[in-house]
Each structure stands twice: as C-alpha cells, then as structure tokens.
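Breakdown of the fold
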Amino acid sequence: PKFEAVSRYLRLLSEMMSHQSGVICGEQINMWVGLLRDPAIVRTNVLSPHLSRVLNAYMTHVVKIRWDDVWDQNHPYSSLIEASWDDDDEYHEWLGNLRSKASQLFRAIGSTEPEIASTAIHLKVRTLLNAHSNGEPRDQLNPENNELTIHSTPCQEFEGVTQPLDNILHGIPSWALDNGSYDEKRTRIRNTIRPLLSELANLIVAWNPNDIWLKFRRTTLLEALKHYWKYDPATLPTGVDSLLMYLSVTDNPPKDRLSEDVVGLRKKSGVSLVAVAKKVPDLLVPWLSQLSERAKSLLSSGGMSPVNEMHLYEFLSCVATAVENPVDRSNFIADVLGSSIRILESPEIQNSIASVEGLLSFLGIAQAASNPASVTDPTFVKKVTKDFEMLFSSLNQLLSVGKRCHEAAKKRPNGGLPLQNLSATVDDTCNFPDEGPVGINELVINDPFVPLWPKILPTVLKVMDVTLRVWHPECQASLLQNNIQRYAVAISDDEAFLATKQDGSVKGVFGEGGTAGSIVSGTDRRDLNLAPRWSGWFNESRNTCFQLLGLICMQRVIFAPELSHLYPQFVAVVANQEHLRSMEHRHFNQYLKQFIEIMMLSCPAPLYQSHLTAILGPVFEHLQYRLQYSWSPVLGTGTLGIESTRPMGSDNCMAAAIQLASVGVDQWLIAYYARGGLFVGDLDNVTGEAAVEKARVELTRTYADMLQSTLALKGAWALVLANKAREDLALK
C-alpha cells in the first residue's frame, strides 16, 4: 500500500511515546508539529492512525511532576525521572519548552483531525472528573484549613488538562460545530463531535468543587469553553454566572484579610470573564440587563478589589459593544461608568486635585512633615490608601472601558468611522472623507464611549496638571529636604528591579535577590507604610492620564468640533513649558509613547496646523535641549563631567535641593537631565547607575522610534505603504 513504509515508521515513533520518560516526547514534538503543518502530508491521511497515541502521550507529559516525590522516592518512576533530568530546574525548563510547543500540536490536531481530538479530550476530562472532582486523593493539604493546595494531585492533574482543552477547542474548524451544509464525511464527523463536546461542556459547568484551588482550575476550564460556546451557547449563562460568583468568594473559615489563594481565584475569574466576553459578546447581549444588575450588586457589596472592579467594567463594556443600537449602546456605557464619573466629580476628589497642596494632603505626604509617625499609623495608612484607590480606580475604569470600546469600534466597517454620515461635513480639499474633523454625534455611532469625553476631560487634565506640578523644581526641592517626603519623588522598587539584569532565578521584585525594600530601606509597598507606596501611586496616576489622552486622540474626539472650547485648556496642560522641563526621563518617555506619538498618528491632515503645531513645537524644542544635556556628560561635550550622571540618592539629595537656590532653575535642570532626573532613594550605587543609563537610553530610543513611526518607516503606516508598493509592483 502507498506510504506503508512511512506509516510503519510513524507507528514505531508513536508507540515509543508510551514510554514513561517524557524526554522521548520532547525529542519528537518538532517532527509531529512540522508534519501536521504540511497540508500535502495531512491530505494523505498517513498521520491519522497515529494521532490518538500522540495526543494522549503529550496530554500525559504536560502534567507537572511533583519533584518532592522524586526526591523522596515516592514517585513510581523516580529512578527513570532522575536519569532523564539532572534536577528540578532542568525539568521545569524542559516542561516549559514542551508546553510551548505542545500548544501548536494540540491546535494542529484539533484542526486536522477534530474527531480524534474531541474524543481524546472528552475522555481525558471525564476521567479526571470521575477521579478527582471531590478532591481525592487529598494530599499536600494546607494545614490551616485542610484544603487542597497548588501541589495537590487533583490540582496538578486539572492544571495539566487546561492547555490541551483550550488549544484543541480553539483548533477545531467551524464546519465541525456550526449549522452549515457540508458533504457526507464532514456531516458524519460533526454529528460525532457535537454530542461529545456538549457533554464535556455540561460536565465542566455542572462541576461544583469546594476547595479554592479546584475552583481555580474549574475557572481555567470554563474560560477554555469560550471557543465552544461560540457555536453552542446552551451552557454559557451558567458558566458566566459561576465566574461572577467566584468574584466574591471568601476563605473558609473567613479571615480578616483574604488569603493569596482567594485573591488569585478572584483575579483569574475576572480575567476569564473578560476573555469570554471578548470572544462571544453578541451571545451575552440577551442577558445584558441581568448581567448589569448582577455586576451592580457585586460592586455595591463593598468587598471587591480594584482589580476585580476593573474586570467587571471591562466585561460589561465588551458585551455592550455588541449591542446593535448605537443609542442603547452609548446609554449603557454611560450607566456602567456613572459611579466612576460621580466619584471624579465629587467635592473630595475635586478639592484634592485643585492644587499641589491638596494633592499632597490627599496622599498623606503633607502630613508627614508635621507628623512623621502618620505614614505608619495603620488607620491613617488605610484611609489614604482607600482614598487613592478610589481616585485611581475611577480613572483606570474609564481607561479600560474606553479601550475596549475603541477596539470594538475599529472592527466595525471603515475602522470605526461612519463615513456614510460625513458627506455633509467633508471639505472639498480632503482626499478622504474622514480627514477633516468628525463630530461626536458621528463618532458615537460606532464608539459608545466618546460622548463621555466632554464630561471627563477637564478632570483628567486637572489630575495630570497637578501631578506634574509636584515635579517642578521648587516643589521637588521642598520635598527632598524632608527625610520622609523625599520618597514621593523617588523611583519605585519595581523600576529599580527593571534596571537590574536578572536571570530566571530571581522571582520578581519580592523574590530572593529582588529589589523590594531597596528604595525606602527596610520597607516596601506591602507594609502598612505610605512612604514606599507614593512612587507607585504617582506612576499609576500619571501613566493613566497619559494613556487617557492617547485614547482621546485615537478615538478622534479631541479633534471634534464639540471639544474646540476645551482645546486651549488641553494645550495649556500638555504643552506647559514648566511641565516639559520638570519631567524626569522616565515620565517623558511615557509621555511620548502613550500620548504624543498617538496624537501625531491620529490627527487628520487638515488639522496639523490648528491642532498639532501648538503642542509639537514646544515638545520637540524641549526634547532637543533635554537630549543634549543628557548625553553631553557621557560624550564629554559639555561643562559637566561623567560624575554628574550618577544618580541622586538619600545621601546627597539635601545638597541638590539646597543648590537650587544658589545656581538657579536653568543650571539646576542641566544637572537634573544629566542624571535622568532620577532620585533613587536608598538604592545601591550600581543599580542606581544602571537605572540612570536605562532612562537615558530608553528616552533616546523612544524618540527615534516615534520619528520612524510618524514618517511611516515602521509600524502600521509602514506596513500599509509596503503593501501598496508590493501591489504597484505586481501591476507593473
């Protein structure tokens, strides 16, 4: 028979994979992925007889081995595993590579042989639920509450099946599940697959484990069903309801502070909700009113974290973008964000952002001058933290929902611009009907977020303005002279960590060898201490404002006639000469990436003179000045030597602050740019110098990247021009 020799060879390879050592699977995976990617080979059906064995082998070996069992010789294949890998580090590196490549394999098998893949994953999940749905065997328990942990056998088994399930369901072709008319073979396969996957979905949705970690694993399985729900949403409402329920799950027995396991479950449930809503928003629209009520109930309960609140808003906005009627869509988004807008308009928030003094008091910085103990007073720390979270969460919710609405609008005809409604407003000199200003009434047809901008833009500008004023030289000098207040203008532990060259052995900022507690010596943001929190808070509020300004440009609202009365105020803040001069390199870097570049790419050509000139003129003039004095000490072309690039720390910040009065602002700023504007607190000299160098290089790179993008030398515009050039060449 044709291909008999090849078939015998493939059978031998697939049978070898039943060996208990995963190394054999690891060595073969590139070959199987390569074969499945070749359409000519797939059409011969030479692979089909072997794919069931291949699939089962990889589904077995992507389950993590508990290395403690190997060390203690409790694993049935301890000797074989020790012979296959030197230690747990080598094994985990191997497992990571295997899982990465296995994703392609699972998806490819689901695509080419959906019947085999569906049968295998159905059997795998059903077997696991029969064996472990109640948490048996109950090993590796948490001694505090006798619950399963991440290392328990049931949790590891369910963790291992999530990747195959997600990738197989993602890979199954539409003809295997939809209601289209196909040939006899495809119809037969579809009639086999549908009952299997329907039972699979029902098994997962009906599963109701008690242990927190099993709930976490169920959440990952529910998220994977989003690919199936696209074709059969019968279990979708129940699945989504389960995810919403997990947003308010608590410890058993209850604790004063949620455990990390519960926090992790809540976060994962929120992420899964957003993922499902992005995949099948149209199927959730019929339940939008019920979902909205459920969300309001959760938000009003008071037990939601800011992260989960953001997930809820994103979830609802994703569903809302699928509503057909533009007015209903816009009204729903306005209703969803009503509480956030009311918070921003409240007297408490407006007073706090009306002046630098108000902001410093709002964040507990001003109080540190007269009462240093206040920064560690538990009651005061909790109050200030809650107040900041109220402000930041409101801004972040606006940003998250606005981005979701814009992403959905871009997928609509004409990239979200309703060209059919612009004929009456088009200037005869325009090459395209969307080149001139587009009114909010036209933009709202596709983007339900845009009518909110006249209401929220003034507050966003106030927050940005008052935040940047904190870095004006005279304010900085005042803060730097106080032993506690100075940390408000320092970099964060996270930024210090990013400046270090870390290998994989360092597990983040808070891991061994991380930088937690290096800026404010001995304490970090997890402690009840305001000082290490301030830098992160300023970063969050500043970057959120930059991103909101970038969003208003992407949505074209800033160029709309309805906002023309706010444009002078807009320019007065974003192009304020003192703000530009006072920003650190790390601030300016985000300012360019998140706002200036987006504005240049989004501005209609006829509005360059009226809308861009007043902003880009001061920005580019200052940027030339800033880069000159940033690099001159390194290049040896200025009056300052290389020693001026050393970072300012707690040991020399007092002298730098006092120096301002004697040398004047202009001279002080030259030294400020030489060190990137950074104040590194108690950070060691080596890491501090690395942070300064990183800030200098990143600013320069961002500037170069921005110029290339705006000149269509890279990015989306460059791709358009390259495709056009290719088409023109083909015509010739």
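To keep things clear, this report deals only with the structure shown in the data block. (Residues numbered from 1 in each chain as written. Predicted model: local features only at pLDDT ≥ 70, side-chain atom pairs only at ≥ 80, totals over all residues. Heavy atoms only, no water.)

1. Comments concerning the side chain of Gln156
- Tracing the sequence through the fold places Gln156 in helix H9 (residues 153-171).
- Sequence-distant contacts of Gln156, defined by excluding residues within four places in its chain, comprise Val63, Lys64, Arg66, Ile150 and His151. (Helix = DSSP H or I, 4+ residues; strand = E, 2+ residues; numbered from the N terminus. Contact = heavy atoms within 4.5 Å.)

2. Section: the nonpolar core
- One finds Phe449, Phe570 and Tyr591 to be the most contacted residues of the largest nonpolar core, which totals 213 residues.
- Once residues within four sequence positions are removed from consideration, Tyr591 is found in contact with Met464, Phe546, Val574, Leu580, Met583, Ile596 and Val619. (Core = buried A, V, L, I, M, F, W, Y, C linked by side-chain atoms within 4.5 Å. Buried < 20%, exposed > 50% of the residue type's maximum accessible area, 1.4 Å probe, protein only.)

3. Side note on empty space enclosed by the protein
- Under the counting rule described, the total for this entry stands at 5 cavities of 30 Å³ or more.
- Counted as a void, the largest cavity has a volume near 50 Å³.
- What lines the largest cavity is simply Leu359, Leu363, Phe388, Leu391, Val463, Thr467, Trp537, Phe538 and Ser541.
- The set of elements that each furnish at least two residues to the lining of the largest cavity consists of helix H23 (378-410), helix H25 (453-469) and helix H28 (531-554).
- The element best represented in the lining of the largest cavity is H28, accounting for 3 residues.
- Residue composition of the lining of the largest cavity, grouped by class: 7 nonpolar, 2 polar and no charged. (1 Å grid on protein atoms, 1.4 Å probe; cavity = no way out; pocket = protein on both sides within 12 Å on 5 of 7 lines; lining within 4 Å. Points joined across faces, edges and corners; volume = space filled by probe spheres on them. Nonpolar A, V, L, I, M, F, W, Y, C, P; charged D, E, K, R; others polar.)

4. Quick notes on the packing of aromatic side chains
- The final tally for this structure, using the stated rule, is 21 aromatic pairs.
- For the ring pair Tyr487 and Phe679, a centre distance of 6.4 Å and an interplane angle of 35° mean the geometry is tilted. Taken together, the residues span a long stretch of sequence, with Tyr487 in the loop between helix H26 (473-480) and helix H27 (493-499) and Phe679 in the loop between helix H34 (665-674) and helix H35 (685-710) at a distance of 192 residues. Comparing Tyr487 with Phe679 shows no difference in burial state: the two are buried.
- Ring centres of Tyr567 and Phe570 lie 5.5 Å apart, and the angle between their planes is 25°; on these two criteria the pair is classed as stacked. Linking Tyr567 with Phe570, this pair stays in helix H29 (residues 567-574), spanning 3 residues, or about one helical turn. Residues Tyr567 and Phe570 agree in their burial class; the two are buried.
- Among the aromatic side chains, those forming a connected cluster through ring pairs are Phe546, Tyr567, Phe570, Phe588, Tyr591 and Phe595.
- Above the face of the Trp668 ring, Arg675 is positioned so that its terminal group lies 6.0 Å from the ring centre. (Phe/Tyr/Trp six-rings, centres within 6.5 Å; stacked < 30°, edge-to-face > 60°. Lys NZ or Arg CZ within 6 Å of the ring centre and 35° of its normal.)

5. With respect to the packing of H23 against H28
- It is the contact of H23 with H28, at a shortest axis distance of 10 Å, that shows an interaxial angle of 25°. Taken together, H23 and H28 sit at an angle that is classed as roughly parallel. For the pair H23 and H28, the sense of crossing is left-handed. Counting all contacts with H23, which are made through Val381, Val384, Thr385, Phe388, Phe392, Leu395, Asn396, Leu398, Leu399, Gly402, Lys403 and His406, the residues of H28 involved are Arg533, Trp537, Glu540, Ser541, Thr544, Gln547, Leu548, Leu551 and Met554.
- Here the contact of H23 with H28 is built from residues that sort into 11 nonpolar, 7 polar and 3 charged. (Axes fitted to C-alpha atoms, helices over the stretch in contact; angles between N-to-C directions. Parallel < 35°, antiparallel > 145°, perpendicular 65-115°, else oblique. Left-handed = near helix turned anticlockwise from the far one by under 90°.)

6. So, a nonpolar patch on the surface
- A contiguous nonpolar surface patch, about 280 Å² in accessible area, is contributed by Val634, Leu635 and Ile642.
- Within the fold, Leu635 resides in helix H32 (residues 608-635). (Patch = residues over 30% accessible without salt bridge, like charges linked within 9 Å, V, L, I, M, F, W, Y side chains within 5 Å. Areas by Shrake-Rupley, 256 points an atom, 1.4 Å probe, with all protein chains shown as cover. Salt bridge = Lys/Arg side-chain N within 4 Å of Asp/Glu carboxyl O.)

7. So, a negative patch on the surface
- A grouping of Asp86, Asp87, Asp89, Glu90 and Glu93 is seen on the molecular surface, where their side chains present a negatively charged patch.
- Within the secondary structure, Glu93 is located in helix H7 (residues 88-112).
- Exposure remark for Glu93: the relative accessible area of 56% places this residue in the exposed category. (Lys, Arg positive; Asp, Glu negative; His and termini not counted. Charge placed at Lys NZ, Arg CZ, Asp CG, Glu CD.)

8. Comments concerning helix H33 (residues 653-663)
- For H33, the complete set of buried residues consists of Cys653, Ala656, Ala657 and Leu660. Angular distribution of buried residues about the axis of H33 spans 100°; they occupy a single face of the element. Opposite the buried face of H33, at more than 90 degrees from it, the exposed residues are Ala655, Ala661 and Ser662.
- Where H33 is buried, its residues contact H26 and H34.
- Gly664 sits one or two positions beyond H33 and adopts a positive phi of about 90°. (Arc of directions from axis to C-beta.)

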